[in-house]
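# Commentary on secondary and tertiary structure
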Amino acid sequence: MTSLSYYLGVDIGTTSTKSVLFTKKGEVVTQHTINYPLHTPNQLVAEQDPSEILDAVLGTIRETVRKAKLNDGDLSFVSFSSAMHSLIAVDEEDELLTNSITWADTRSAEYARKLKEELNGHDIYLRTGTPVHAMSPLAKLMWMKEEKPEVFVKAKKFISIKEYVFYKLFGEYIVDHSIASATGLFNLQELNWDEGALQVAGITSDQLSTIVPTTHSIAGIRKEYQPYLGIAENTPFIVGASDGVLSNLGVNAIEPGVIAVTIGTSGAIRSVTNEPKTDPKGRIFCYALTEDHWVIGGPVNNGGMVLRWLRDEFAAAEVETAKRLGIDPYDVLTKIATNVPAGSDGLVFHPFLTGERAPLWNSSARGSFFGLSIHHEKQHMVRAVLEGIIYNLYTVLLALEELTGEPQRIQATGGFARSEVWRQMMTDIFDKPVVVPESYESSCLGAIVLGMYATGEIEDFSIVSDMIGNTHTHDPVPETSAVYRELLPIYIRLSRLFEEEYGAIAEYQRKHIK
């Protein structure tokens, strides 16, 4: 390659790690992805093997660099994005005591309820910005202390998956403001561990990592990894931020009035403010991007994983057809959805297959079809599933609007954005223009823009508008939006009416489903 500088963004996700090599203009040179399993032996557990994820991080960096045929000096830095809310316990010898307990693990649901109802959980939320829910490492620590005391008492450190990777690479326990702000243990105003939250968790600040800004740079990777990765020993590694806040940066949704919507395995709606902001009703998170950029919004559990469930359980014939034609099975499913009108002839789907975070914050929430009648066919159910996922995101948007006002533009990204049908569906349900960047690598792009800022190459984030490439713009169809205006209130009322029954059916399932 020529002597131009290149930037490597690494995104440690829930189901895979991806490394993407960019030019200074934001063009993708090459990339590599390695998948790994989410271990779910029952409906409550969702864990991953940290060693598998470390191997994936190393492997994606190695393969991306190898495919690009980089020379020494070509790579300016490596910058990281990572999923939030993971918890790992390590012992005095820095050996693993647990797997990585992911955001999707709900074993701490009862402790989250106790935190909310008995232990001033709302006050802790107002200080820390992490909604009270089983996803929160604070709730996980409460659960571990009571349910896994033999592990809890042996733990020298409680860390996230990104902290584990950086410890293995550099021998230091560091955590960035962004990942720390998603723990429920980090005081947003003081930029330090919150003493009240630590007391509830039953730990001390010494058991947590050293807090650093998201722009923190570290070099001198351990010598056993440097030849394997094929990069210069002094290559800076930028600790970076969480995947959600970097996705906002990577789709150029950092100005007031701009909302970012992501649908990947899960989903989220987010906006950027210049100071920490929490919700008196406790519905919205607040996480750090930099000390001057704070991302507020709401995450949903049920994004693309619901469509995958639909594919695996109901679409065997369509999957076989896709194989014969050499096309993506999801393209077949979204094509089927166009065979029925908007609103699925009155069939409404609540996508709460894994409980729900925003706006319900209810781990006991369960999925349902409502309005099912004899004239409905499989194609109606397919469309209702696609619509239900976006209905749920729309309810999060309503909560966010109370804090930020009505958005002027929506920037959308994630795997769903590959589907023109689903993009237009979002536009019509939100009744707002939706802009979709041509590049879907928003978290990795956000990571390298943050890296450029960290290394002094840029003074602000405005450069990202020139780096996201071409965009697809969708405008709402008034007649279609009118259909959704009728159905959305029904969708919202149902989820409120079912709240008591969610708890009852979840309790039944916990007793009877092994």
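Scroll up to find the structure.
Residues numbered from 1 in each chain as written. Predicted model: local features only at pLDDT ≥ 70, side-chain atom pairs only at ≥ 80, totals over all residues. Heavy atoms only, no water.

### Describing the overall build of the protein
- In terms of helices and strands, the protein carries 18 helices and 23 strands.
- In the protein, which comprises 514 residues, the share counted as buried stands at 58%.
- Nonlocal contacts in the protein, meaning residues at least 24 apart in sequence, comprise 72% of its contacts between residues at least 6 apart.
- A total accessible area of about 20400 Å² is found for the protein, and carbon and sulfur atoms account for 48% of it.
- In the protein, 45 positive and 66 negative side-chain charges are present, and the distance between their average locations comes to 4 Å. (Helix = DSSP H or I, 4+ residues; strand = E, 2+ residues; numbered from the N terminus. Buried < 20%, exposed > 50% of the residue type's maximum accessible area, 1.4 Å probe, protein only. Contact = heavy atoms within 4.5 Å. Areas by Shrake-Rupley, 256 points an atom, 1.4 Å probe, with all protein chains shown as cover. Lys, Arg positive; Asp, Glu negative; His and termini not counted. Charge placed at Lys NZ, Arg CZ, Asp CG, Glu CD.)

### Digging into the sheet that holds strand S22 (residues 434-437)
- The seven strands lie next to each other as S17-S18-S16-S15-S21-S22-S23, forming an open sheet whose pairing is mixed. At either margin of the open sheet sits one strand with a lone partner, and together these are strand S17 (285-290) and strand S23 (471-474). Going from strand to strand, the sheet's axes swing by 25° on average, the running direction of each strand aside.
- Pairing of S17 with strand S18 (residues 293-300), which is carried by five bridges, proceeds in the antiparallel orientation. In the strand pairing of S18, Ala288 is matched with Trp294. (Pairing = 2+ DSSP bridges. Axes fitted to C-alpha atoms, helices over the stretch in contact; angles between N-to-C directions.)

### Some details on the environment of Pro437
- With respect to the secondary-structure elements, Pro437 resides in strand S22.
- When the C-alpha positions of Pro437 and Ala417 are compared, they lie 8.7 Å apart, and in sequence the two are 20 residues distant.
- Every residue in contact with Pro437, bar those within four places of it in the chain, is listed here: Val251, Ala412, Ile468, Asn470 and Thr471.

### A short note on the pattern of salt bridges
- Considering all chains together, one arrives at 21 salt bridges under this definition.
- For Lys223, the salt bridge is made with Glu233, and the minimal N-O distance between the two is 2.8 Å. Taken together, the residues Lys223 in the loop between strand S13 (217-218) and helix H9 (226-229) and Glu233 in the loop between H9 and strand S14 (237-242) connect sequence positions ten residues apart.
- For Glu233, a relative accessible area of 36% corresponds to the partly exposed category.
- What emerges from the salt-bridge pattern is a single network uniting Glu110, Arg113, Glu117 and Glu118. (Salt bridge = Lys/Arg side-chain N within 4 Å of Asp/Glu carboxyl O.)

### Here we look at the packing of aromatic side chains
- Counted according to the given criterion, the structure contains 18 aromatic pairs.
- Taking 5.2 Å as the distance between ring centres and 75° as the angle between the ring planes, the aromatic pair formed by Phe170 and Phe237 counts as edge-to-face. With Phe170 in helix H6 (residues 161-170) and Phe237 in strand S14, this pair connects stretches of sequence that are 67 residues apart. Neither Phe170 nor Phe237 differs from the other in exposure class; each is buried.
- Here Tyr394 and Phe430 contribute two aromatic rings whose centre-to-centre distance is 5.9 Å and whose plane-to-plane angle is 45°, an arrangement assigned as tilted. Residue Tyr394 is located in helix H14 (residues 378-404), and its partner Phe430 is located in helix H15 (residues 420-430); the two are separated by 36 residues in the primary sequence. The same class applies to Tyr394 as to Phe430, namely buried.
- Members of the aromatic cluster, joined through ring pairs, are Phe80, Phe166, Phe170 and Phe237.
- For the cation-ring pair, Arg62 lies above Tyr228, with the distance from its terminal atom to the ring centre recorded as 4.5 Å.
- Looking at Arg222, its charged tip hangs above the ring of Tyr167, at a distance of 5.3 Å from the centre. (Phe/Tyr/Trp six-rings, centres within 6.5 Å; stacked < 30°, edge-to-face > 60°. Lys NZ or Arg CZ within 6 Å of the ring centre and 35° of its normal.)

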